[in-house]
Structures are given as C-alpha cells and as structure tokens.
Amino acid sequence: MRRVKFGKLFTHRKIDESIIREHLALERTKLANERTLLSYTQAAMYFLLGGLALIQLKEYEEMHYIGYLALVISVLFLTIGIWRFIVLRNKMKDLLKGKIESTAEEEEEPENN
C-alpha cells in the first residue's frame, strides 16, 4: 500500500479578494454577453418561424406582407445580436489589455508627490 501525498493542496492560502472579484466580474460579464446573444437568436428564430407560417397561409393572402416583415425583423434581430456580442467582446479584450482610457473619476484624483 502506497501513501499519497497531497502536498500543499489542502493548506490555507491567502487569496487577494480584489483580484478574485475582478476576475469573477469579468466572467459574469462574458456569460451575460453570451446569454444576450442567445436571447437575440431565440427572438430571431421566433420571428423566422412566425413569418414562414404567415407566408404559407393560403386563405389569408393579405397577411403575407406581415410574414415578410417578420422575416426582415428576424434578420435584423440576428444582425444586431451578433454585432452587440462582437462589440462587447472587443471592449472586454481591450479592457484586459489596458487599452481603455481611465475614467473621469480616476483623472480627477489628486496626485500626491
């Protein structure tokens, strides 16, 4: 029978809470961004299905234009959702790289020399 050494796996370590908070906030923002994209996609699919259903109705010819309008709205929803996802993802990447300029609050702080 061999002994298993866990090493420092179960020892108490000091963890910097500010780093963890920043990391968790970024992860929440990424997940919210993905969830928003999925919501836009879901709405686009509903408009697509509704539009196709209205176009296929033979008895109500006057409702075909509403079906085509729903198809256009579907494409718009999908385009806007993808565009917003990409814009926020690029902002997050820039934030992580330090390219985003400091906020007005940080600029107003007096420097102590």
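Note that the structure is a prediction, hence the values are computed from the model and not measured. (Residues numbered from 1 in each chain as written. Predicted model: local features only at pLDDT ≥ 70, side-chain atom pairs only at ≥ 80, totals over all residues. Heavy atoms only, no water.)

Caption draft 1: Examining the packing of helix α1 (residues 17–56) against helix α2 (residues 64–97) more closely. At a closest axis distance of 7 Å, the pairing of α1 and α2 adopts a crossing angle of 170 degrees. In terms of orientation, α1 and α2 fall into the roughly antiparallel class. Partitioned by chemical class, the residues of the contact of α1 with α2 number 24 nonpolar, 8 polar and 4 charged. (Axes fitted to C-alpha atoms, helices over the stretch in contact; angles between N-to-C directions. Helix = DSSP H or I, 4+ residues; strand = E, 2+ residues; numbered from the N terminus. Parallel < 35°, antiparallel > 145°, perpendicular 65-115°, else oblique. Nonpolar A, V, L, I, M, F, W, Y, C, P; charged D, E, K, R; others polar.)

Caption draft 2: A look at the pattern of salt bridges. Tallied over the full model, the rule gives 1 salt bridge. With a closest N to O distance of 3.6 Å, lysine 30 and glutamate 27 form a salt bridge. With a gap of 3 residues between them, lysine 30 and glutamate 27 both fall in helix α1, about one helical turn apart. On the basis of relative accessible area, lysine 30 is assigned to the partly exposed category, the value being 36%. (Salt bridge = Lys/Arg side-chain N within 4 Å of Asp/Glu carboxyl O. Buried < 20%, exposed > 50% of the residue type's maximum accessible area, 1.4 Å probe, protein only.)

Caption draft 3: Local environment of the packing of aromatic side chains. Taken as a whole, this structure holds 2 aromatic pairs when the rule is applied. One aromatic cluster in this structure is built from Tyr40, Phe47 and Phe77. (Phe/Tyr/Trp six-rings, centres within 6.5 Å; stacked < 30°, edge-to-face > 60°.)

Caption draft 4: Quick look at α2. The end-to-end C-alpha separation of α2 is 50 Å, in line with the 50 Å expected for 34 residues at 1.5 Å each. Against the buried residues of α2 lie α1. The first or second residue beyond α2 is glycine 98, which carries a positive phi of 85 degrees. (Expected span 1.5 Å × (residues − 1). Contact = heavy atoms within 4.5 Å.)

Caption draft 5: Representation of the side chain of asparagine 33 in the model. Of note, asparagine 33 is situated in helix α1. Note on asparagine 33: relative accessible area 9%, which makes it buried. Excluding residues that lie within four positions of it along the chain, asparagine 33 makes contacts with Arg84, Phe85, Leu88 and Arg89.

Caption draft 6: Here's a closer look at the UniProt feature "transmembrane region" (unreviewed entry) in the protein. Sequence positions flagged by UniProt for "transmembrane region" (unreviewed entry) are, in local numbering, residues 37–57 and 63–87. Regarding residues 37–57, the helix share stands at 95% and the strand share at 0%, and the terminal C-alpha atoms are separated by 31 Å. A distance of 36 Å separates the end C-alpha atoms of residues 63–87, which is 96% helix and 0% strand. (UniProt positions renumbered as here; feature names shortened; annotations may be inferred.)

Caption draft 7: Examining the environment of glycine 51 more closely. Here glycine 51 shows up in helix α1. Linking glycine 51 and glycine 67, residues 16 residues apart in sequence, is a C-alpha distance of 3.8 Å. In this structure glycine 51 touches Gly67, Ala70 and Leu71, once residues within four positions along its chain are discounted.

Caption draft 8: Molecular detail of the confidence of the model for the protein. Residues of the protein with pLDDT of at least 70 account for 73%, and the chain-wide mean is 82. α2 holds the highest mean pLDDT among the elements of the protein, 92, whereas helix α3 (residues 104–108) holds the lowest, 51. (pLDDT = per-residue confidence, 0-100.)

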